[in-house]
Amino acid sequence: MTQPLELVLIGAGQRGAYAYASYALAHPEEVRFVAVAEPDPIRRRRFAEEHDLDDSRCFASWEELIAAGQLGQGALVTTQDQLHVEPAVAAMEAGYHVLLEKPMAHTLEGCVRLVQTAERTGRILQICHVLRYSPFWRKLHQILEEGRLGEIITVEHRENVAYWHMAHSFVRGNWRNEALSSPMILAKCCHDLDLLFWNLGRCKRLSSVGSLLHFRADQVGPEIPNRCTDGCPIEPECPFSAPGIYLEYRPFRRLVERAAERGIDLERPNVWPFTVLSHDLSREGRLRALQTGPYGRCVYRCDNDVVDHQVVTMELESGASAVLVMHGHSHEEHRSMRYDGTRATLRARFGDPSEITIHHHASGRVEEVSLEEGGGGHGGGDHGVMANFVQVLRGQAEPLTSARASLESHLMAFAAEAARRQNRIIEMDEFRAQAEALAQQEGASP
Ligand SMILES: NC(=O)c1ccc[n+]([C@@H]2O[C@H](COP(=O)([O-])OP(=O)(O)OC[C@H]3O[C@@H](n4cnc5c(N)ncnc54)[C@H](O)[C@@H]3O)[C@@H](O)[C@H]2O)c1
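The structure presented is a predicted model; accordingly, all values stated were derived computationally and were not measured.

**A closer look at the site of the ligand**
Then step 1. Around the ligand sit 27 residues, and of these Arg-15, Glu-38, Arg-43, Asp-81 and His-191 come closest.
Then step 2. Note that an oxygen atom of the ligand is positioned 2.6 Å from one of the side-chain N or O atoms of Arg-43.
Then step 3. His-378 has a polar side-chain atom sitting 3.2 Å from an oxygen atom of the ligand.
Then step 4. For the shell around the ligand, the leading source of residues is helix α1 (residues 14-26), giving 3 residues.

**Focus: the pairing of strand β10 (residues 321-330)**
Then step 1. Taking burial as the measure, the 10 residues of β10 include 7 buried ones, the bulk of the element.
Then step 2. As paired elements, strand β7 (residues 152-162) and β10 share 8 bridges and run parallel to each other. Each residue of the ladder has a partner; that of Glu-159, found in β10, is Met-326.
Then step 3. As defined by bridge partners, strand β9 (residues 309-316) adjoins β10 across 7 bridges and the pair is classed as antiparallel. What sits directly across from Met-314, in β10, is Ala-322.
Then step 4. Between the end of β9 and the start of β10, which pair antiparallel, lie 4 residues, with Gly-319 showing a positive phi angle near 100 degrees.

**Focus: the side chain of Thr-401**
Then step 1. As for its placement among the helices and strands, Thr-401 is situated in the loop between α13 (381-393) and α14 (403-422).
Then step 2. Since its relative accessible area comes to 6%, Thr-401 is described here as buried.
Then step 3. Apart from the residues lying within four places of it in its own chain, the contact partners of Thr-401 are Gln-126, Arg-132, Tyr-133 and Ser-406.

**Quick look at the UniProt feature "domain: Gfo/Idh/MocA-like oxidoreductase N-terminal" (unreviewed entry) in the protein chain**
Then step 1. When the UniProt feature table is mapped onto this chain, "domain: Gfo/Idh/MocA-like oxidoreductase N-terminal" (unreviewed entry) is found at residues 7-127.
Then step 2. The span residues 7-127 carries 44% helix and 20% strand; its end-to-end C-alpha distance comes to 16 Å.

**Structural notes on the sheet that holds strand β3 (residues 58-59)**
Then step 1. With parallel pairing, the 6 strands of this open sheet are ordered in space as β3-β2-β1-β4-β5-β6. At either margin of the open sheet sits one strand with a lone partner, and together these are β3 and β6 (125-127).
Then step 2. Two elements, strand β4 (residues 74-77) and strand β5 (residues 97-100), share 4 bridges in a ladder whose sense is parallel. Bridge assignment links Gly-74 to a residue of β5, and that residue is His-97.
Then step 3. The strands that helix α2 (residues 41-51) touches are β1 (5-10), β2 (31-37) and β3; relative to β2, the one it contacts most, it runs at about 155 degrees.

**Brief notes about the sheet that holds β9**
Then step 1. If you trace the 9 strands from one edge of the open sheet to the other, you get β14-β13-β12-β11-β7-β10-β9-β8-β15, paired in mixed fashion. Among the strands making up the open sheet, the edge pair consists of β14 (366-369) and β15 (426-427).
Then step 2. Lying on the sheet, α14 is in contact with β8 (203-211), β9 and β15; it crosses β8 at an angle near 55 degrees.

**So, helix α7 (residues 163-171)**
Then step 1. Most of α7 is tucked away, with 9 of its 9 residues classed as buried.
Then step 2. Among the residues of α7, Tyr-163, Trp-164, His-165, Met-166, Ala-167, His-168, Ser-169, Phe-170 and Val-171 are the ones counted as buried.
Then step 3. Elements in contact with the buried residues of α7: β7, α8 (184-187), α10 (242-246) and β10.

**Brief notes about the nonpolar core**
Then step 1. Formed by 123 residues in total, the largest nonpolar core has its most connected members in Val-98, Leu-114, Leu-206, Met-314 and Tyr-339.
Then step 2. No other element matches the 11 residues that α14 contributes to this core.
Then step 3. The residues touching Leu-206, leaving out its near neighbours within four places in the chain, are Val-312, Thr-313, Met-314, Met-412, Ala-415, Ala-416, Ala-419, Arg-424, Ile-425, Ile-426 and Met-428.
Then step 4. Of all hydrophobic cores here, the second largest spans 29 residues; its members include Ala-48, Leu-99, Tyr-133 and Val-390.

Cut-offs used in this document
- Residues numbered from 1 in each chain as written.
- Predicted model: local features only at pLDDT ≥ 70, side-chain atom pairs only at ≥ 80, totals over all residues.
- Heavy atoms only, no water.
- Near = heavy atom within 4 Å.
- Polar contact = N/O pair within 3.5 Å; in protein donor to acceptor, adjacent residues only side chain to side chain.
- Helix = DSSP H or I, 4+ residues; strand = E, 2+ residues; numbered from the N terminus.
- Buried < 20%, exposed > 50% of the residue type's maximum accessible area, 1.4 Å probe, protein only.
- Pairing = 2+ DSSP bridges.
- Contact = heavy atoms within 4.5 Å.
- UniProt positions renumbered as here; feature names shortened; annotations may be inferred.
- Axes fitted to C-alpha atoms, helices over the stretch in contact; angles between N-to-C directions.
- Core = buried A, V, L, I, M, F, W, Y, C linked by side-chain atoms within 4.5 Å.

As structure tokens, then:
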């Protein structure tokens, strides 16, 4: 029997430790983690215990791990948005193939540098565009590839971010402020733009509008305190109440109903988004986190500046038109799509539940497409991307997508952001040429 593939993990946070490394625990015959770099001592120790690593294989930073020489064939880089390029480039230079979290980088230069390094060193660089690896999106792609809708004329794709998720990640949390993370259209929608590129081909030109409309100080009066726990008079009816979300589970009716069957202890909810609050998940620990940490802040009194709604209008090279609507005020988390073709209309929803329906023009038949269950995070995409990366490194499969293909969705996101800010239409050929020029400058530098 062949030995399991050996990987190292850089950043044992929410994504690295839970979304991806859990695959190795479920499939020990295929893959195992042999080292970790993580500055947080609690996270580092927990990962070491779960993956049976001794102290010599636990490092406090990616620099220390790289300096220890090549310890495995592949590296997962799952640090925060602004710490992707340096560790991923260093890992590729050190001989590792890399699975890197999205967004590839928070700057266009960083994205280009990553692709260039992968192509120069011959390393595999796969980006965690996890949705491509889930049964739902593969089925949707297959329907389009088979031409069952005829020629695609127009597409509407909505990324409906739930109001509490918006508050958690993009108002109070890690992706709230562009200077600290990345523009929302890149952070949240590089997946959506990647799916549109995958399904429809390259974009010819685009424009975009959007703003931060709601989560601003001018939405409330001076009587509203800085924290929900400081006697806020509107706390009981506020949808964004931190005690309501993190202590009373107000938005999570289904989670509460299914907690027992999913093995979740509501006294200590060991699942996202609660695991982001604190290491101490008891009610007291969570309350303390709300009283002292970022997640207890009033949503109208944060240092957030990323948009809460943005629309991107695209003309594709095929001649079809597409619109992407992203917003953070949905009653529930889901994506919804409508593809209109010359032979049929497809309507789809990716969420809980997911569904795809095709309305055939000629026969009037309405076809409910049967969908395979995609268990786990992102409809099965989190483990799906790990499975593909592992198989590729074991020589058993081809990568489902390349770093160069991933670059395209990032280019679209940067172009959309430039279009929104500068109030203009961006011609993608010109934008790509600028990226190419950047690549040459990067290539010229040592
Ligand atoms: N693919 C997806 O759908 C998806 C979903 C959510 C988040 N993400 C992306 O995943 C990335 C990680 O997000 P997260 O929520 O896991 O963040 P996180 O903060 O929970 O994890 C990042 C970890 O990196 C560690 N770290 C910091 N400096 C380090 C260093 N010098 N060396 C090694 N490790 C270091 C941190 O201590 C932390 O534990 C982000 O870029 C985010 O945008 C992707």
